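Understanding the architecture of this molecule
Spelled out from the first residue to the last, the chains are:
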Amino acid sequence: YDICACLVGSEMCIRDSPRLGEAKIANFKDAYGHCDKDDVVAGYKNDLEFYKLYDPRNSERIVRTGELYAKVKTRFNRSRWKKFRATLTNKAFRLWSVKTGKLRKEISLDKLVDCVEIEDSMLDTLFALVLTDERLKFCSRDDNQVVDWIIAFKCGMLARRKICRGLQANLD
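As the structure is a prediction and not an experimental result, all values here were calculated from the model.

Topic: the overall build of the chain
Counting its regular elements, the chain contains 4 helices and 7 strands. Counted from the first residue to the last, the chain has its helices and strands arranged as α-α-α-β-β-β-β-β-β-β-α. Taken over 172 residues, the chain has a buried fraction of 33%. If you take every contact in the chain between residues at least 6 apart in sequence, the share linking residues at least 24 apart comes to 45%. Accessible surface for the chain amounts to roughly 11,200 Å². Of this, 51% is attributable to carbon and sulfur atoms.

So, in structure tokens, the structure goes:
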């Protein structure tokens, strides 16, 4: 719920310019409690940094790294969990072999449709990346890490959608 409130606050700050009128600040105070113009402007600057990090038009920047377990198929069409070193950037998601260090999978974030949490009785919390052509399942040793990965993917999706809408509006 805190994440939703932050994203709603971010949306408001991005929508409104830093030169907010007193009426807009009053509306913001009514909805979110104590707030003055400096708070809103600070939020706006933080949102600019957020979009700068996730903007796919910028040079590649690392958003998140860590170890993840991915569900992979074996030779006999069975599946098992395999440990990978994962890197999420503003352009792609990469999985590296922990043993050899070789890149095993690279996914352009343009193919990302959604990132969803999955409840599992055996492993607690998993998440799935829904891509245009496949669905991949991941888990971590720590549920908090799973949540952090989901947030990172969702933030990237939010930024990409907002940027695409802005570009589309400029073309119209």
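Still to come is the rest of the account.
Looking at the pattern of salt bridges
Inspection of the entire model under this criterion finds 9 salt bridges. Residue Arg 94 is joined to Glu 60 by a salt bridge in which the shortest nitrogen-to-oxygen separation is 2.9 Å. Of this pair, Arg 94 sits in strand β3 (residues 92-97) while Glu 60 sits in the loop between α3 (37-54) and β1 (62-73), and the two are 34 residues apart along the sequence. Of the residues examined, Glu 60 reaches a relative accessible area of 39% and is grouped as partly exposed. One salt bridge connects Lys 111 with Asp 133, and the closest N-O pair in it is separated by 2.9 Å.

Observations regarding unusual backbone geometry
One non-glycine residue with positive phi stands out, namely Asn 77, at about 60 degrees. Mapped onto the elements of the fold, Asn 77 is located in the loop between β1 and β2 (79-89).

Section: the environment of Thr 87
Take Thr 87: it is sitting in strand β2. We classify Thr 87 as buried; its relative accessible area is 11%. Linking Thr 87 and Thr 65, residues 22 residues apart in sequence, is a C-alpha distance of 4.4 Å. Setting aside its immediate chain neighbours within four residues, Thr 87 contacts Ile 62, Arg 64, Thr 65, Ala 92, Phe 93, Arg 94, Trp 96 and Trp 149.

Overview of the nonpolar core
Formed by 27 residues in total, the largest nonpolar core has its most connected members in Phe 93, Phe 127, Leu 129, Phe 138, Trp 149 and Phe 153. In terms of residues, this core owes the most to one element, helix α4 (residues 143-171), which gives 9 residues. Contact partners of Phe 153, with chain neighbours within four places excluded, come to Leu 88, Phe 93, Leu 109, Leu 112, Cys 115, Phe 127 and Leu 129. One finds Ile 118, Leu 126, Ala 128 and Cys 139 within the second-largest nonpolar core, a separate group that totals 5 residues.

Structural notes on the environment of Leu 112
Of note, Leu 112 is situated in strand β5 (residues 112-120). We classify Leu 112 as buried; its relative accessible area is 14%. Along the chain, Leu 112 and Glu 134 lie 22 residues apart, while their C-alpha atoms are 9.6 Å from each other. For Leu 112, the residues in contact, after removing those within four places along its chain, are Leu 129, Val 130, Leu 131, Phe 153 and Met 157.

Concerning the pairing of β3
By the criterion of burial, β3 is predominantly enclosed, with 5 of the 6 residues buried. Pairing analysis gives 5 bridges linking β2 to β3, with the strands arranged antiparallel. Residue pairing in the sheet places Thr 87 in a bridge with Arg 94 of β3. In this antiparallel pair of consecutive strands, β2 and β3, the connection spans 2 residues. Here β3 runs beside strand β4 (residues 103-108); their pairing, made up of 5 bridges, is antiparallel. Across the sheet, the residue bridging to Trp 96 is Leu 103, located in β4. Connecting β3 to the antiparallel partner β4 that follows it, the hairpin turn spans 5 residues, and Gly 101 within it adopts a positive phi of roughly 80 degrees.

Reading the values: the criteria
- Residues numbered from 1 in each chain as written.
- Predicted model: local features only at pLDDT ≥ 70, side-chain atom pairs only at ≥ 80, totals over all residues.
- Heavy atoms only, no water.
- Helix = DSSP H or I, 4+ residues; strand = E, 2+ residues; numbered from the N terminus.
- Buried < 20%, exposed > 50% of the residue type's maximum accessible area, 1.4 Å probe, protein only.
- Contact = heavy atoms within 4.5 Å.
- Areas by Shrake-Rupley, 256 points an atom, 1.4 Å probe, with all protein chains shown as cover.
- Salt bridge = Lys/Arg side-chain N within 4 Å of Asp/Glu carboxyl O.
- Core = buried A, V, L, I, M, F, W, Y, C linked by side-chain atoms within 4.5 Å.
- Pairing = 2+ DSSP bridges.

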